[in-house]
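Structure assessment
Read off the chains here:
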Amino acid sequence: MRNRNNKLRREAIARKERYIERAIFGSSLLSILIAIGIFVVLLWGSLPFFSEVSLTEFFGGTKWTPLFHDKHFGIWPLVTGTLLTSAVAITMALPFSLLASIYLSELAPRKHRQLFKPIIEILAGIPTIVYGYFALLIVTPWLQQWIPDLAGFSSLSAGICMGIMIMPMLITLSEDALRAVPSELREGSYALGANKFTTVTKIVLPSAISGIGSAILLSISRALGETMIVAIAAGQKPNLTFDPRESVETMTAYIVQVSMGDTPTGTVEYRTIFAVGLTLFGLTLIMNLCSYYLKQKFQNKYASL
Amino acid sequence: MQFQFLSAIVSTNNETIGNPMSDRQVILRTESLSASFENKKILNDINLEISKRNIMAIIGPSGCGKSTLLRCINRMHELIYGSTLSGRIYFENKNIYDKSVDPILLRRRIGLVFQKPNPFPSMSIKDNVLSGLWLTQKINKKTDSDHLVENALQQAVLWDEVKDRLDDSSLSLSGGQQQRLCIARALASKPDVLLLDEPCSSLDPIATQRIESLLLSLKNTYTIVIVTHNMRQAARISNTTAFLLSGRLIEYGETTHIFTSPQETQTEDYLSGHFD
Ligand SMILES: Nc1ncnc2c1ncn2[C@@H]1O[C@H](COP(=O)(O)OP(=O)(O)O)[C@@H](O)[C@H]1O
Ligand SMILES: [Mg+2]
């Protein structure tokens, strides 16, 4: 009797576990399906566009004027605009974030860490529209005192604020990469008579390099897709330039411009947003895949330790 | 029966040793050494002498504080958050816990090989051997150091296995090879004292045997302190043995004496329980 009860109970638990497993599997499947869905929608929307505009024009052209009378569909000005703002952002964020993550992971006394971590997390919670206005109303005028020919909208100003925006993410991910370096390696270094500075620069950093690389790529990917800051502060002028003082338009800002404007749906200018979206999707996907690859490499390295 | 087996090992070993302990110069001496983590006392009033050019084995059950003792000797203990220490350790008659002693310089003279092999994964085999010299700015990347590498790897009995792939990643080596690489790394820095924390615990018998013969061959140049779980190993290679139990030094002396006629019943009980 007792045995049978036990058996029933065990079966009930097993059944419950199966449901939970299925639910977890279902939700991960759902997120994969959503990603595929987005891709399919973008592709579907782009197909009619590419039947009107050739791939060579789209990927080879250097002029982007779909909303003008004289239409050109060369994506490059949007790509360089996107890359330039992201480059400014990562250049701005990387030194600070790297130093901060080294400080938090290797140097900070516990008390300081407990103080700084929440502050960084608050920074991560600021809505990006705030950064956008901060760039436009504070950073740009301030920069203009030093750089007289800085445009009212510029990739420099937007990039700097985007850099501040991605810093929390970059700090956190780099700190994770540094912390993932086994303490045995630090101890090995100290036992050889190395000091703290050498241990950090010659052992810990090189050992975490692929993890940090992965963090950088993810942050760039985040910057590439950032919309609000660049839409507000970088301008809306497709501009094939590498001069950060000039006004540019990023892919995201262009999509905002079209979807919020009065472009009639079904026209070729409206369909550009799918093609641009697909390009952006591809760009971030490449970044994320590289980041994933580096991360795998990083983890495999320490699997044996 | 097993006791006799061990005595046999000890006596053959002892013939090769020659000098009795009393003739030897003391290089390291701990005085009322106590160490703790947070408020948990790990080592309690340890008074131990270690002679120069000698192999001392430290034995005792798991968790009795053997690793902690080694880490106190090269001032690694203080690197752990919440650790405290009291007492003195004299290295060549100078207290290493004196304010004037730089722990970084001390560690260059007292090397430590860890229980778990920890080669630097960001470096090649060759660079691992040179890492101690490189990390302490004794050499730079341009220094011609091939002979240093070969020397250290020969000493660690690893040369023949890796001489054709010195630029490979250190992680391409097996566990036993990694441990010998860590020993080579420690040797390349030319310390006076080599501390080894159960260096063979994760190795197969062949690698273990290699490391033992390595240690025996180093005995005339270095002072070696080895923590070991393996009583036979202690008997085979050490001249002196120290027995720790629950953070106390129960006794220490010539290995022959400790193994054949221990003074303390605790030592005797431990040894008779560990002849397996
Ligand atoms: N980092 C640490 N923090 C707190 N307690 C520790 C730490 N390392 C070791 N201990 C404790 O110290 C005691 C002695 O450890 P250890 O010296 O490693 O022993 P053994 O090497 O003889 O096995 C153990 O009880 C262990 O739990
Ligand atoms: Mg131990």
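Whatever comes next refers back to the structure up there.
Let me sum up the structure you'll find in this document. Keep in mind that this is a model prediction, so the values were computed, not measured.

**Details of a nonpolar patch on the surface**
Residue and element names in this part refer to chain A. The grouping of Phe 25, Leu 29, Ile 32, Leu 33, Ile 36, Phe 39, Val 40, Leu 43, Trp 44 and Leu 47 at the surface amounts to a nonpolar patch, some 1,000 Å² of accessible area in total. Here Ile 36 is to be found in helix α1 (residues 2-52). For Ile 36, a relative accessible area of 45% translates into the label partly exposed.

**Some details on the site of ligand 1**
All names here are of chain B. All residues adjacent to ligand 1 are Phe 37, Lys 40, Ile 42, Pro 61, Ser 62, Gly 63, Cys 64, Gly 65, Lys 66, Ser 67, Thr 68 and Ile 80. Taking Gly 63, its main chain carries an N or O atom lying 2.7 Å from an oxygen atom of ligand 1. One nitrogen or oxygen atom from the main chain of Gly 65 is found 3.0 Å from an oxygen atom belonging to ligand 1. Relative to its unbound accessible surface of 560 Å², ligand 1 loses 62% to contact with the protein. Elements represented by at least two residues in the shell around ligand 1 include exactly β2 (40-51) and α2 (66-73). A per-element tally of the shell around ligand 1 places α2 first, with three residues. Residues belonging to the shell around ligand 1 are distributed by class as follows: five nonpolar, five polar and two charged.

**Focus on the sheet that holds strand β7 (residues 193-197) of chain B**
All names here are of chain B. If you walk across this open sheet you meet the six strands as β6-β7-β8-β3-β9-β10, and the pairing is mixed. In the strand order of this sheet, the two ends are held by β6 (110-113) and β10 (248-254), each with one partner. Each neighbouring strand pair of the sheet contributes to a mean axis angle of 15 degrees, computed without reference to strand direction. With five bridges joining them, β7 and strand β8 (residues 223-227) adopt parallel strand pairing.

**Examining a positive patch on the surface**
Residues A:Arg4, A:Lys7, A:Arg9 and A:Arg10 make up a contiguous surface patch of positive charge. Position of A:Arg9 among the secondary structure elements: in helix α1.

**Some words on the environment of A:Ser28**
Residues and elements named next belong to chain A. Structurally, the position occupied by Ser 28 is in helix α1. Through-space distance from the C-alpha of Ser 28 to that of Thr 284 is 21 Å; in sequence the pair is 256 residues apart. Within the structure, Ser 28 has its side chain in polar contact with the backbone oxygen of Phe 25 (distance 3.0 Å).

**Description of the environment of A:Thr252**
Residues and elements named next belong to chain A. With respect to the helices and strands, the residue Thr 252 is situated in helix α10 (residues 251-260). Look at Thr 252 and you get buried, because its relative accessible area is 6%. In the structure, Thr 252 is positioned 21 residues away from Ala 231 in sequence and 7.4 Å away in space, judged by C-alpha atoms. Among all residues touching Thr 252, those that are not within four sequence positions of it are Leu 224, Gly 225, Glu 226, Thr 227, Val 230 and Leu 280.

**Comments concerning the interface of chain A and chain B**
With 21 residues of chain A in contact, the opposing surface of chain B contributes 30 residues. Surface buried jointly by chain A and chain B totals about 2,100 Å² across both partners, of which 66% is contributed by carbon and sulfur atoms. Viewed at the interface, chain B and chain A are joined by two salt bridges. Here B:Arg71 makes a salt bridge to A:Glu187, at a shortest N to O gap of 2.7 Å.

Definitions and limits used
Residues numbered from 1 in each chain as written. Chains lettered and ligands numbered in written order. Predicted model: local features only at pLDDT ≥ 70, side-chain atom pairs only at ≥ 80, totals over all residues. Heavy atoms only, no water. Patch = residues over 30% accessible without salt bridge, like charges linked within 9 Å, V, L, I, M, F, W, Y side chains within 5 Å. Areas by Shrake-Rupley, 256 points an atom, 1.4 Å probe, with all protein chains shown as cover. Salt bridge = Lys/Arg side-chain N within 4 Å of Asp/Glu carboxyl O. Helix = DSSP H or I, 4+ residues; strand = E, 2+ residues; numbered from the N terminus. Buried < 20%, exposed > 50% of the residue type's maximum accessible area, 1.4 Å probe, protein only. Near = heavy atom within 4 Å. Polar contact = N/O pair within 3.5 Å; in protein donor to acceptor, adjacent residues only side chain to side chain. Nonpolar A, V, L, I, M, F, W, Y, C, P; charged D, E, K, R; others polar. Pairing = 2+ DSSP bridges. Axes fitted to C-alpha atoms, helices over the stretch in contact; angles between N-to-C directions. Lys, Arg positive; Asp, Glu negative; His and termini not counted. Charge placed at Lys NZ, Arg CZ, Asp CG, Glu CD. Contact = heavy atoms within 4.5 Å. Buried area = accessible area lost by both parts, 1.4 Å probe.

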